[in-house]
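Take a look at the letters that make up each chain.
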Amino acid sequence: MTQLVLFNIFNGLIVGAFYALMALGLSLILNLSGVINFAHGGFLAIGGYVAFTLLPYVGFWGALVLSPILTAILGIIVERFLIRRLYGRDPLYSLLLTFGLAFIFEDGTRFLWGAQSLPFQVPIWLVTPLSGDFFFLTGYRLFMVFIVALAVAALFFILTYTRLGIRIRAGTLDLETVAALGVNVRILRSMNFGLGVYLAGLAGVLAVGQLGLQPTIGSSLIMPSFVAIIVGGLGSLPGTLLGGLLIGVASGITTVFFPSATEAVMYVMMAAVLLVRPRGLLGEEGRF
Amino acid sequence: MNAIAFNKNAANVLVWVLLLAAPFWLPFVGGYTELGERIVVLGLAAMSVNFLLGYTGVLSFGHAAYFGLGAYGAGMTIRYLVPSTSAGLLVGMLVGTLAGALIGPLIIRLRGVYFAMVTIAFGQVFYFIAFRWNAVTGGDDGLLGWTRLPLNFGFTTIDILHNTRAFYYFILVIFAISVGVMAWLLRSPFGRTLIAIRENERRARFLGIPVDRHIWLSWVISCCFVGVAGALYALLNNFVDPRALYWTQSGDFVIMAVLGGMRSFWGPLIGAAIFVLLQDYLSSQTQNWMSFVGLFFVLVVLFFPRGILGAIRRKVA
């Protein structure tokens, strides 16, 4: 029993790391531009499908590198031509726009690649089970965690030490002052959007290796990322990371004791956090 | 009577005449009564959402949950408890209101995008309950094995199950009561206070208005009527499935409100009519209707942010 619980906690951490990766991208965009990107799940699906198409030409590693970059370029195009027009307007409009985009992306992937789910071939050595006792702990899951950790470390490095990252953080606090200091805020927002979508694309490649390709993969994964952001606290990236890991572990533990509540438990957690601490665990007071 | 008041009354009369006569003129323009039923039901839902969105200025994106709860409340009451249409409707309304009242205190202090995010995320709880609790809700297959029943008044019975026209008028009566109550509330000092909060929350607070309590009340009222709409939706289809609770449904309500015009009372109904007709047409023409609906969202946001009535009003003014 303890073993089973431990295993599920570990499993939950893996899932949570994945939620966190997606939520971090959403959080980046939300913090700087005040846009809830409903199309984030769509970008994730596109990342997965592009990787699937690239796979025969560039192999798994090539796809892992290229697909998120292509997804990010698509994200920047979308930002440039659609979302940019809505900055400074009621957030309702960007919400509805990305909502519509989510429909278009989901249906577009279905149109281009078909509605049936497709297998995604990852290198054999990654899928061999690592342990006989826990047959479902494949190397791929560990690999996922490794990549997520790497991406998160890289993200925090960029935000802390590079000029772009410092500007993004400054813009999150006070965009007007950043603009007054001579930073091109339009480009900053574009780059930031691209960075967020890059993370979605990366999450997409990792997800399809585990779950296979389905057009609905994005819409089923976006809600947990919302919950991760709310639990962790709006405006705080470490909070989002923590939130993602926490809801992952909570779902993992619930799987053992009450399997049918696996999906619902994260919302119960969200309710508890909102009741005790409306700004979220690491959120700043009065930001939203 | 000045011109504006006259225009307003003329608009009200026009809407009611069109609605009352719908079963008679719809077939002539290529429609059918069921389409009218769907428009009225979804229009009621969009108008209830707009009570909060347009008149209180609170960005709610999760109303599908209370719509779906109303639907399940009605369906499950008829299926398991009392074989009576009115009991189903009543329970549906109560379930939606109660859920809204309970979730309310958790969210009323949040604003803007944060409010939207939390409301839509909360909606998913009910989706998963409906989806997972197979034994009671029928899970993914939906709640089957029940139908709406004839209305029994003691002295007479009205067969709303087989007579579509009678059912349309049944829906319209419920719609009229709900919309009447909402209009009355909006005209009352309470409704004016809500508009004051929308226009300038800080000033309203300084004037001593308990803003959080007003938003909670507005939220509960909105959930109540969206629950009524959900119950009617279940009665209309004789069926409920978890998709009525899914988060995409919430977006549909909001786009209906925006398309028609959030600042006008009848706007959401017009938005609902356009949305229902478009969806009906597209889903018969193409498999990829979802893309077109998405495109429609994008176009409305970019070119019609004030909605149809908003644009007309601007032109007139």
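K.L.:
Tell me what's going on with the overall build of chain B, and back it up with residues and numbers.
P.N.:
Counting secondary structure elements, chain B contains 14 helices and 2 strands. In terms of overall size, chain B behaves like a compact globule, its C-alpha atoms giving a radius of gyration of 19 Å where 317 residues would be expected to give roughly 20 Å. Counting only C-alpha atoms and orienting by the principal axes, one finds that chain B spans roughly 55 × 50 × 45 Å. Every one of the 317 residues in chain B was classed for burial, and the buried ones make up 50%.

K.L.:
Just give me the short version of the overall build of chain A, but keep the residues and values in it.
P.N.:
A tally of regular secondary structure across chain A gives 11 helices and 0 strands. Ordered by position in the sequence, the α and β elements of chain A form the string α-α-α-α-α-α-α-α-α-α-α. For 288 residues, the compact-globule estimate of 2.2 N^0.38 gives 19 Å, and chain A sits close to it at 19 Å. For chain A, the spread of C-alpha atoms along the principal axes amounts to about 60 × 50 × 35 Å.

K.L.:
Account for the interface of chain B and chain A, naming residues and giving values.
P.N.:
Each partner contributes residues to the interface: chain B has 37 residues there, and chain A has 35 residues. No other element matches helix H5 (residues 112–132) of chain B, which puts 14 residues into the side of chain B that touches chain A. A per-class count over the side of chain B that touches chain A returns 28 nonpolar, 6 polar and 3 charged.

K.L.:
Account for the nonpolar core, with residues named and values stated.
P.N.:
Ranked by size, the top nonpolar core spans 196 residues in total, and within it Phe-18, Leu-21, Met-22 and Val-227 of chain A together with Ala-121 of chain B carry the most contacts. Not counting chain neighbours up to four residues away, the residues in contact with Val-227 of chain A comprise Ile-247, Met-266, Tyr-267 and Met-270 of chain A together with Ala-121 of chain B.

K.L.:
Could you give an account of H5 of chain B, with specific residues and numbers?
P.N.:
An ideal rise of 1.5 Å per residue puts 30 Å on 21 residues; H5 of chain B measures up with 31 Å between its terminal C-alpha atoms. The buried count for H5 of chain B comes to 19 of 21 residues, which makes it a mostly enclosed element.

K.L.:
Could you give an account of helix H8 (residues 185–211) of chain A, with specific residues and numbers?
P.N.:
Residue and element names in this part refer to chain A. Its 27 residues place the ends of H8 38 Å apart at the C-alpha level, agreeing with the 39 Å of an ideal helix rising 1.5 Å per residue. Buried residues dominate H8, accounting for 20 of its 27 residues. Directly after H8, the chain includes Gly-212, whose backbone phi takes a positive value near 80 degrees.

K.L.:
Let's hear about the packing of helix H8 (residues 189–199) of chain B against helix H10 (residues 211–237) of chain B: which residues, and what values?
P.N.:
Residue and element names in this part refer to chain B. At their nearest, the axes of H8 and H10 sit 10 Å apart, and the two run at 115 degrees to each other. Here H8 is positioned roughly perpendicular relative to H10, judged by the angle of their axes. Every pair of crossing elements has a handedness; the one defined by H8 and H10 is left-handed. When H8 is examined against H10, the residues Thr-193, Leu-194 and Ile-197 are found in contact with a partner set consisting of Val-211, His-214, Ile-215 and Ser-218.

K.L.:
Quick rundown of the confidence of the model for chain B? Include the residues and the values.
P.N.:
Within chain B, residue pLDDT values average 88, and 99% of them lie at 70 or more. Across the assembled chains, the prediction reports ipTM 0.86 with pTM 0.89.

K.L.:
Account for the packing of helix H9 (residues 217–232) of chain A against H5 of chain B, with residues named and values stated.
P.N.:
Direction vectors running N to C along H9 of chain A and H5 of chain B enclose 125 degrees, while the axes themselves pass 10 Å from each other. The angle between H9 of chain A and H5 of chain B falls in the class oblique. By crossing handedness, the relation of H9 of chain A to H5 of chain B is classed as left-handed. When H9 of chain A is examined against H5 of chain B, the residues Met-223, Phe-226, Val-227 and Ile-230 of chain A are found in contact with a partner set consisting of Met-117, Val-118, Ile-120, Ala-121 and Gln-124 of chain B. Residues of the contact of H9 of chain A with H5 of chain B, tallied by class, amount to 8 nonpolar, 1 polar and no charged.

K.L.:
Quick rundown of the environment of Tyr-198 of chain A? Include the residues and the values.
P.N.:
Residues and elements named next belong to chain A. Among the structural elements, Tyr-198 can be located in helix H8. Between the alpha carbons of Tyr-198 and Leu-70 there is a distance of 8.3 Å; along the sequence they are 128 residues apart. Setting aside residues up to four positions removed in sequence, Tyr-198 forms contacts with Pro-68, Ile-69, Thr-71 and Ala-72.

K.L.:
Go over the environment of Leu-101 of chain A with me, naming the residues and quoting the values.
P.N.:
By the secondary structure assignment, Leu-101 of chain A is in helix H3 (residues 91–113). Note on Leu-101 of chain A: 24 C-beta atoms within 10 Å, which makes it buried. When neighbours within four sequence positions are excluded, Leu-101 of chain A is seen to be in contact with Ala-39, Gly-42 and Val-78 of chain A together with Gly-294 and Val-298 of chain B.

K.L.:
Please provide a residue-by-residue account of unusual backbone geometry, values included.
P.N.:
In the Ramachandran plot, Asn-238 of chain B falls in the positive-phi region, its phi being about 55 degrees despite a non-glycine side chain. Assignment of secondary structure puts Asn-238 of chain B in the loop between H10 and helix H11 (247–260).

K.L.:
Run through the environment of His-40 of chain A, naming residues and quoting values.
P.N.:
Residues and elements named next belong to chain A. Of note, His-40 is situated in helix H2 (residues 40–81). Once the C-alpha coordinates of His-40 and Ile-230 are considered, the two residues, 190 residues apart in sequence, prove to be 16 Å apart. Every residue in contact with His-40, bar those within four places of it in the chain, is listed here: Met-22, Gly-25, Leu-26, Ala-200, Ile-222 and Ser-225.

Cut-offs and rules
Within every chain, residues take consecutive numbers counted from 1 along the sequence as written. Following the order in which they are written, the chains are lettered starting with A and the ligands numbered starting with 1. Where local features are concerned, this predicted model is filtered to residues with pLDDT of at least 70; where side-chain atom pairs are given and counted, the filter is 80 or more; whole-chain, interface and lining totals use all residues. The way it works is that DSSP assigns letters per residue, a run of H or I at least four long becomes a helix, a run of E at least two long becomes a strand, and they are numbered from the N terminus. For a compact globule the rule gives 2.2 Å times the number of residues to the power 0.38, and the radius of gyration it is set against comes from C-alpha atoms. Residues with at least 20 other C-beta atoms within 10 Å of their own are called buried, those with 12 or fewer are called exposed, and the rest are partly exposed. The C-beta atoms themselves are positioned from the backbone. Working definition of a contact: two residues with C-beta atoms, positioned from the backbone, lying within 7 Å. We call Asp, Glu, Lys and Arg charged. Ala, Val, Leu, Ile, Met, Phe, Trp, Tyr, Cys and Pro are nonpolar, and the rest, Gly among them, are polar. Defined on buried residues, the nonpolar core groups Ala, Val, Leu, Ile, Met, Phe, Trp, Tyr and Cys residues joined through C-beta atoms within 7 Å. Expected span of a helix: the number of residues minus one, times 1.5 Å. Fitted lines through C-alpha atoms serve as axes, helices being fitted only where they are in contact, and the angles separating the N-to-C directions of these axes extend from 0 to 180 degrees. Here the word oblique covers every angle except those under 35 degrees (roughly parallel), over 145 (roughly antiparallel) and from 65 to 115 (roughly perpendicular). Crossings are classed by handedness, with left-handed meaning an anticlockwise turn of the near helix from the far one by less than a right angle and right-handed meaning a clockwise turn. Summary of the metric used: pLDDT quantifies the predictor's per-residue confidence within the range 0 to 100.

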